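Single-letter residue listing:
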Amino acid sequence: MFKNLIKHSIRSFKRQRAYIIINILGLSIGIACSLLIALYIINEASYDQFNVKKDRIFRTILNGKIGGQEITGATSPAIMGPTMVKEFPEIEDFLRMNGMGPTVIEYNNQTFTEDHIVEADSSFFNFFSIEVLKGDPKNLLNAPRKVVLSESTAKKIFGSENPIDKPIKIGSDTLRYIVTGVMADVPQNSHFEANVLSSFITNPRSKEPKWMNNSFSTYFLLRPNSSYKTVDAKYPDLLLKYVGPEIQQYTGISLNDFIAQGNKYRFYLQNLSDIHLDTSVQQDFKASVDPKYLKIFGSIAILIVLMAAINFMNLSTAQASRRAKEVGIKKVGGSTRSMLIGQFLSESFILSFIALIVALIFIKLSLPYFNNLLGANLALNLFSSWFTIPILIMFSLFVGFLAGSYPALFLSSFNPYEVLKGGVKNSMQNGRLRRILVVFQFAVSILLIVGTMIMYRQIKYMLNKDVGFKKEQLIVINRAEALGTKMKSFKETVKNIPGVVNISSSTAIPGRTNNNNGYMMEGRKDETFLMATSWVDYDFLATYGMTLVSGRSFNESFASDKDACIINESARKDFKITDIEKTRFMEPRDSGKINYLPVIGVVKNFNYESLRNPIGPYILKFQNDKMLWGYITVRLSGQNYSKTIGAIEDKWKEFVSNNPLQYYFVDADFELMYKQEKQNAQMAVIFSILAIFIAALGLYGLTSFTVEQRTKEIGIRKAMGSTIPGIYAEISKEVIILVSISALIAWPIIYYAAGKWLENFYYRISISASSFIAGLTIALGIAILTISYRILKAASVNPAQSLKYE
């Protein structure tokens, strides 16, 4: 019986070659899109899943709120880990980690710039399932200045030489580090990147006893069968014991009173598996991915597969009149309905399986492009797991069943008597279901087109919005600490280079905020104020082109300015400051003394973070000669960048030997803030094009069928004097109506969805009618182009030939 079904299917394929090609193309695109999106979603959802102990590993999260400003970040004090492992029986081990940023490594007078150096405790390999290739796992990071290199980094620095026990220079540290081990490269789907591990206890702050100095990431390994909820429940008592005295020292009030004023200071645990998909937490390592995007693209995958299946349904049912006689004869010959259903479903399964093979070829060819687009490492490994191929075959069968079940039931239901006397052909002229399905396809296409246009408008808005300073023609030099005490001399030298407009040093810059500190205000001692903090020199505001709205900038003529500060408009507004001349912030010191910071100016608000976030209070303090770390910013004239930067690099080499200049452009760095949005918008464009291509394929097939059905009608109309434009308008008006109905359905859906997406951005565009009209126009244009060839060809045929058509 199965052999007969296959034979009948092959004969049927030969008779319907053109429609089969359209169906296979549509199904293969639908399957390819869904599998690509599935690979992307699986990759993002599988972050940190390679760790054997992942269910027992938790990271500490700080949630603080001071003076109305709230922050949630993966940061904690150095003392927390050692204290909690002693006092909490649920905790088996702790691990502290700290990213060092771009750093220069020197070996044998050769220098290497490494972006991913992480300080870590010796317990690192007890937490993460990363293989140690060389060295003793128990003694890798248990003493100061020990380092472990990744396999690729070891090859880059040492080549074929054995790196164990070799000394290397890291950063500006005058003492050498000893390589104690080599580990496998950290998997791409890890929430952190680390090519070099340095012993955490090398950092002087590793023994810092202060509980309110939150600078590091702390991880805990819970004992088997212990609950993180038990640990979370113990945090309040821990904070009361250790943080309470510091709050009392700095603010003069108890921790309970501090919280009663509406402030927050709490810690909680986050499971390792949740890190990558949690955008509510400020990350210390890799940026997290918004799970909304995974849901969006997952929905797109489902819709595209449905569109491909709808094509199959439409074309199969549209051809029912062609196959009606076949069904009638087979039924008269003894075929049962179940046998016919089996035949039609087998045809569908075969087409779906062929489409799967075509889709896999398409994925294999397009994966390098998608990996480049997403910065990912997606791979199609058909033989990596025993269940991969069976799942793909089951998916193919599911798509085949989804696409073929209705046509099979529909075609097998024909009454042989009605069929053989020609009654079915007339009944097929209506095609109401096919119209509904076409409306659905174009509704999805318009939804994707309009959504993509709104995404691009928002991205363009973010890139072009006035951010409160002139970000063009600015380069930032990393690792200012490499200059040491020569920083001032270097700035003076560079300022004299032709093409350099200004130069400034600071501990933080827009886009790279690294300090959030609490302050009090004179006369308001019961209140605490949280502000992003940066120490800057005299030329900072001028270099960045920032505008003062009141007061003045730091000035060498005023010696007292070294103890003064400048705040932004948000600080003045949020803290209800009416007279800056009478305002002094207070900064408690560990010694018990208080530093007073008179406000000398208010700078116009500038975006120091992504436009997703509102501009919070910001304070600029003076950078004294002892603060030899941070960044150097150079404003260029805009003429002959390469020559000017080359001259700066030459001066850098004069001041710093064996330490290459590392710099970036500020405007390019700001664009990187929206990398995820740009990637998702590009993906949306691709899937929009493919979706409307699928819809156009189906429409082309249906138009071909409609033209065939109406060949005699077209001949009669021409014989009666109708013109080609008249016939074209008559046949195409239905498509225009259907696409217009699709737009009316898609518009409210995308208006709601786009509104929700835009809520992720504090600074955002308004949704305008132009995007919706443009979406309809594009869909109509593509639909009309799709059907024009078939209609015009049919309308151009001699009426005598059309009237003979059967």
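Position numbers for residues count from 1 along each chain, tracking the sequence in the order it is written. Side-chain atom pairs in this predicted model are given and counted only at pLDDT of 80 or more, local residue features only at pLDDT of at least 70, and totals for whole chains, interfaces and linings cover all residues. Think of the side-chain values as coming from all heavy atoms in the structure, minus any hydrogens and water.

Core analysis: the biggest nonpolar cluster contains 121 residues, and Phe469, Phe687 and Val739 have the highest contact counts within it. At 14 residues, helix H2 (residues 17-45) tops the list of elements feeding residues into this core. Within the second largest apolar cluster, 24 residues are counted, among which are Ile91, Leu238, Ile247 and Leu530. Here the nonpolar core consists of buried residues drawn from Ala, Val, Leu, Ile, Met, Phe, Trp, Tyr and Cys, with membership extended through side-chain atoms lying within 4.5 Å. The buried label goes to any residue with under 20% of its type's maximum accessible area, the exposed label to any with over 50%, and the partly exposed label to all in between, with areas taken from a 1.4 Å probe on protein chains only. What counts as a helix is a DSSP run of H or I of at least four residues, what counts as a strand is a run of E of at least two, and both are numbered from the N terminus.

Bringing helix H5 (residues 151-158) into the picture now. Listing the buried residues of H5 in full gives Thr153, Ala154, Ile157 and Phe158. Down the axis, H5 shows its buried residues gathered within 105 degrees of arc, on one side only. Residues count as neighbours in contact if any of their non-hydrogen atoms are within 4.5 Å of one another. The inward-facing, buried residues of H5 abut strand E4 (103-107), strand E5 (110-114), strand E8 (146-150), strand E9 (167-170), strand E10 (177-183) and strand E11 (196-199). At the C-terminal side of H5, Gly159 shows a positive phi close to 65 degrees. What the arc describes is the spread of directions from the helix axis to the C-beta atoms.

The next subject is the packing of aromatic side chains. Two aromatic rings, drawn from Phe, Tyr or Trp (for Trp, its six-membered ring), form a pair once their centres lie within 6.5 Å of each other, and the interplanar angle then sorts them: stacked below 30 degrees, edge-to-face above 60, tilted otherwise. Enumeration over the complete set of coordinates arrives at 37 aromatic pairs. Geometrically, the ring pair formed by Phe469 and Phe670 is edge-to-face, given 5.7 Å between the ring centres and 70 degrees between the ring planes. Here Phe469 is found in the loop between helix H14 (432-464) and strand E14 (474-477), whereas its partner Phe670 is found in helix H19 (residues 666-672), with 201 residues between them in sequence. The burial state of Phe469 is the same as that of Phe670; both residues are buried. Ring geometry for Phe606 against Tyr618: centres 5.1 Å apart, planes inclined by 65 degrees, an arrangement best described as edge-to-face. Highlighted residues: Phe606 in the loop between strand E21 (594-603) and strand E22 (618-622) and Tyr618 in strand E22, separated in sequence by 12 residues. Overall, Phe606 belongs to the buried group, its relative accessible area being 1%. Note on Tyr618: relative accessible area 2%, which makes it buried. Through successive ring pairs, a cluster of aromatic residues spans Phe124, Phe125, Phe127, Phe128, Phe192, Tyr219 and Phe285. Over the ring of Tyr763 we find Lys465; its NZ or CZ atom is 4.7 Å from the centre of that ring. Charge-over-ring placement is defined geometrically: NZ (Lys) or CZ (Arg) within 6 Å of the ring centre, and within 35 degrees of the ring normal. When the ring centre of Phe558 is taken as origin, the NZ or CZ atom of Arg552, which lies over that ring, is 4.0 Å away.

It is worth spelling out a nonpolar patch on the surface at this point. Note that patches include only residues with greater than 30% relative accessible area and no salt bridge, and the join distances are 9 Å for like charges and 5 Å for nonpolar side chains (Val, Leu, Ile, Met, Phe, Trp, Tyr). Note on areas: Shrake-Rupley, 1.4 Å probe, and residue coverage restricted to the protein chains presented here. When a carboxyl oxygen of Asp or Glu lies within 4 Å of a side-chain nitrogen of Lys or Arg, that pair is called a salt bridge. A cluster of nonpolar side chains, contributed by Phe353, Ile357, Ile361, Leu365, Phe383, Ile389, Ile393 and Leu397, occupies part of the molecular surface with about 800 Å² of accessible area. Breaking the nonpolar patch down by element, the ones donating at least two residues are helix H10 (337-374) and helix H11 (388-412). Top contributing element to the nonpolar patch by residue count: H10, with four residues. With respect to the helices and strands, the residue Ile393 is situated in helix H11. We classify Ile393 as partly exposed; its relative accessible area is 36%.

A word on the pattern of salt bridges. Scanning all chains against the criterion turns up 19 salt bridges. When the shortest N-O distance is used, the salt bridge between Glu87 and Lys241 registers 3.3 Å. You can see Glu87 sitting in helix H3 (residues 80-87) and its partner Lys241 sitting in helix H6 (residues 228-251), a full 154 residues away along the chain. The closest approach of N and O atoms between Lys651 and Glu654, which form a salt bridge, is 3.9 Å. Here Lys651 pairs with Glu654, and both are found in helix H18 (residues 641-655), just three residues apart, close to one helical turn. Accessibility expressed as a relative area gives 26% for Lys651, which makes it partly exposed.

Turning our attention to helix H15 (residues 487-495). Owing to its 3.6 residues per turn, the α-helix brings residues three or four apart onto one side. Residues of H15 that are buried: Met487, Phe490, Lys491 and Val494. Buried residues of H15 fall within an arc of 100 degrees about the axis and therefore sit on the same side. Among the structural elements, E14, strand E15 (500-506), strand E23 (631-636) and H18 are those in contact with the buried residues of H15.

Glancing now at the confidence of the model for the protein. Values of pLDDT, the confidence the predictor places in each residue, fall between 0 and 100. For the protein, mean pLDDT is 84; residues scoring 70 or higher make up 89% of the total. Segment residues 426-430: pLDDT under 50, and eight contacts once partners within four positions in sequence are set aside and those in other chains are kept.

Let's shift gears to the packing of H14 against helix H22 (residues 724-758). Axis definition: a line fitted to C-alpha atoms, limited for helices to the stretch in contact. Angles are taken between N-to-C directions and run from 0 to 180 degrees. Packing of H14 against H22 brings their axes to within 7 Å, and their N-to-C directions diverge by 40 degrees. Between H14 and H22, the angle is such that the two are oblique. As for how H14 packs across H22, the hand of that crossing is right-handed. Here the contact of H14 with H22 is built from residues that sort into 21 nonpolar, three polar and two charged. Should an angle lie under 35 degrees it is considered roughly parallel, over 145 roughly antiparallel, and from 65 to 115 roughly perpendicular; all remaining angles are considered oblique. Handedness of each helix crossing follows the sense of rotation of the near helix against the far helix: counterclockwise by less than a right angle gives left-handed, clockwise gives right-handed. Charged residues are taken to be Asp, Glu, Lys and Arg, nonpolar residues to be Ala, Val, Leu, Ile, Met, Phe, Trp, Tyr, Cys and Pro, and polar residues to be all remaining types, Gly included.

Before going further, it helps to spend a moment on the side chain of Lys621. Looking at where Lys621 falls in the secondary structure, it is placed in strand E22. Discounting chain neighbours no more than four positions away, the residues touching Lys621 are Tyr519, Thr533, Ser534, Trp535, Val536, Phe554, Ala564, Cys565, Glu587 and Leu597.

Across five bridges, E4 lies against E5 in antiparallel orientation. By the bridge assignment, Thr103 is partnered in E5 with Glu114. Think of it this way: DSSP has to see at least two bridges between two strands before they count as a pair. Here E4 folds back onto E5, and the loop between the two strands holds two residues, one of which, Asn108, carries a positive phi near 55 degrees.

Moving on, we get to unusual backbone geometry. Unusually for a residue other than glycine, Arg145 sits at a positive phi of about 60 degrees. Inspection of the secondary structure assignment puts Arg145 in the loop between strand E7 (132-134) and E8. Phi is positive for Asn640, which is not a glycine, with a value near 55 degrees. Judged by its relative accessible area of 46%, Asn640 falls in the partly exposed class.

So, about the environment of Ala376. Here Ala376 shows up in the loop between H10 and H11. Residue classification places Ala376 among the buried residues on the basis of a relative accessible area of 15%. Each C-alpha atom, one on Ala376 and one on Glu44, is 9.4 Å from the other, the two residues being 332 residues apart in sequence. For Ala376, the residues in contact, after removing those within four places along its chain, are Asn43, Gln188 and Asn371.

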